[in-house]
Amino acid sequence: MVSIKDIASACGVSIATVSKALNGHKDVSESTKATIRDTAKRMGYLPNSQARALKTNRTYNLGVLFVERAQSGLTHSHFAAVLNGFKNRAEAEGYDITFINKRVGNTEMTYYEHCICRNVDGVVIACVDDFEDNGVTELLESSVPTVTIDYKSPNNPAVISDNTSGMKALVEYIYGRGHRKIAYIYGDVSKVTSMRVKSYEETLASLNINVRSDYLLQGRYHDPETTEKLAAELALLDDPPTCIIMPDDFSAIGALTAFEKLGLDVPGDISVAGYDGILLSRFLNPRLTTFEQDTESIGARAAGQLIALIRKEIPADVPEIVVGGRLIEGSSVRSLNR
């Protein structure tokens, strides 16, 4: 097996210089780094993770904790895209990934215990709706470097999608299409939901539209069956909305199903808007108007913050990073303007 000593001999430099170059230290010139890395690759060098862990006191292993009530796992399109962004950045920095849960084989343990068991350097937490879970709280308050997505705890870095601006942009677009009766089926109780509901209400108020309680219904994220039922209820009101905003794009499938069963045309009879901008939204019929979250950036920046925290390059109480998105105009919101 090729060793660092072999690479040093081939390049005519010290073992320390090879080690620094392979670990990205700044006190080695870029040209020297390139030469050493090219030589290492040509010679078939593979780093020994155990030896590196002993020397650096790091395992170069990041934990990922993803929790949501629907238990859709990586079939959850939005968070799968976020975690893919996290994975790409982590791998580029030389880190592996371990998914954290409450069971290892037949042994039950807390999230914190699993992190210690796997000896992760840090962990990212992406919870759709349950940051108040005791196991999540224990991990947030532990010594394990932790970064959260779409939630800000007092002493942990966070990366948050700009849900306030996203909902505002969506409501204002629908209003601009002539709609004044705008309903919203929101998701499970969470910080994200609170921000979106508040923005929905405040944006309507700024447009001099009263918020109607019968137009504001609680559904569930990533749950078309629940959305189908609630969308039908809204469509059958004596004074139905002209447009309904869904909890997310995937749930919008339920509304489209409900309206098809009721013999309603979208957007001819009733309009629909989603949220997230997942790939599926582009292939629905009609194509869904939605607000696209920048999932790649959210995931990549979460990985960057976590690695910086592990390296002690940023404090644990650093302000959260807010990531914007963009409105995607589909064909599911009809224009009522003359």
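No experiment lies behind these values; they were computed from the predicted model shown.

**Student:** Which residues make up the overall build of the chain, and what values go with them?
**Tutor:** When its secondary structure is counted, the chain shows 12 helices and 14 strands. The C-alpha extent of the chain, read off along each of the three principal axes, is 80 × 40 × 35 Å. When the 338 residues of the chain are sorted by exposure, 48% land in the buried category. Here the chain carries 36 positive and 43 negative side-chain charges, and the mean point of each set is 7 Å from the other.

**Student:** Outline the side chain of Ser153, supporting the account with residue identities and numerical values.
**Tutor:** Examined against the element boundaries, Ser153 turns out to sit in the loop between β6 (146-149) and β7 (158-161). Only 2.8 Å separates the side chain of Ser153 from the side chain of Asn156, close enough to count as a polar contact.

**Student:** Any details on the sheet that holds strand β10 (residues 243-245)? Residues and values, ideally.
**Tutor:** Reading across from one edge, β9-β8-β10-β11 is the order of the four strands in this open sheet, with parallel pairing throughout. At either margin of the open sheet sits one strand with a lone partner, and together these are β9 (216-218) and β11 (271-273). Each strand axis lies, on average, 20° off the axis of its neighbour in the sheet, ignoring direction. The pairing of strand β8 (residues 182-186) with β10 spans three bridges and is classified as parallel. Bridge pairing in β10 places Ala183 opposite Ile244. Sitting on the sheet, helix α10 (residues 224-235) touches β8, β9 and β10, and the angle it makes with β8 is about 155°.

**Student:** Pulling in residues and values, what's your account of the sheet that holds β7?
**Tutor:** Read across the sheet, six strands follow the order β2-β1-β5-β6-β7-β13 without closing on themselves; strand pairing throughout is parallel. Two strands bound the open sheet, and with one partner strand each, they are β2 (96-99) and β13 (321-323). Averaged over all neighbouring strand pairs, the angle between strand axes comes to 20°, with direction disregarded. Pairing geometry for β7 and β13, over three bridges, is parallel. Bridging from a neighbouring strand, Val159 pairs with Ile321 of β13. The sheet contacts of helix α12 (residues 295-310) involve β1 (61-67), β5 (122-127), β6, β7 and β13, and relative to β6 the element is tilted by about 165°.

**Student:** Please give an account of the pattern of salt bridges that cites residues and values.
**Tutor:** Scanning all chains against the criterion turns up 15 salt bridges. Between Glu93 and Arg89 there is a salt bridge whose closest N-O contact spans 3.4 Å. In this structure Glu93 comes out as partly exposed when scored by relative accessible area, which is 29%.

**Student:** Pulling in residues and values, what's your account of the nonpolar core?
**Tutor:** Of all hydrophobic cores here, the largest spans 41 residues; its most connected members are Ile174, Tyr200, Ile245 and Phe259. Elements with a minimum of two residues in this core: α8 (163-176), β8, α9 (191-206), β9, α10, β10, α11 (249-261) and β11. Sequence-distant contacts of Phe259, that is, excluding residues within four places in its chain, are made with Ala231, Ala235, Ile244, Leu264, Val266, Ile270 and Val272. Among the nonpolar cores identified, the runner-up in size contains 23 residues, and Phe66, Ala90, Ile298 and Ala302 belong to it.

**Student:** Requested: an account of unusual backbone geometry, with residues and values cited.
**Tutor:** The omega angle of the peptide bond from Val266 to Pro267 is 10°, so this bond is cis rather than trans. Structurally, Pro267 is set in the loop between α11 and β11. Between Asn285 and Pro286 the backbone carries a cis peptide bond, its omega angle lying at 5°. Within the element layout of this structure, Pro286 appears in the loop between β11 and β12 (290-293). One non-glycine residue, Asp150, lies in the positive phi region at around 65°. On the basis of relative accessible area, Asp150 is assigned to the buried category, the value being 7%. With phi around 55°, His222 is a residue other than glycine that occupies positive phi space.

The rules we used
- Residues numbered from 1 in each chain as written.
- Predicted model: local features only at pLDDT ≥ 70, side-chain atom pairs only at ≥ 80, totals over all residues.
- Heavy atoms only, no water.
- Helix = DSSP H or I, 4+ residues; strand = E, 2+ residues; numbered from the N terminus.
- Buried < 20%, exposed > 50% of the residue type's maximum accessible area, 1.4 Å probe, protein only.
- Lys, Arg positive; Asp, Glu negative; His and termini not counted.
- Charge placed at Lys NZ, Arg CZ, Asp CG, Glu CD.
- Polar contact = N/O pair within 3.5 Å; in protein donor to acceptor, adjacent residues only side chain to side chain.
- Pairing = 2+ DSSP bridges.
- Axes fitted to C-alpha atoms, helices over the stretch in contact; angles between N-to-C directions.
- Contact = heavy atoms within 4.5 Å.
- Salt bridge = Lys/Arg side-chain N within 4 Å of Asp/Glu carboxyl O.
- Core = buried A, V, L, I, M, F, W, Y, C linked by side-chain atoms within 4.5 Å.

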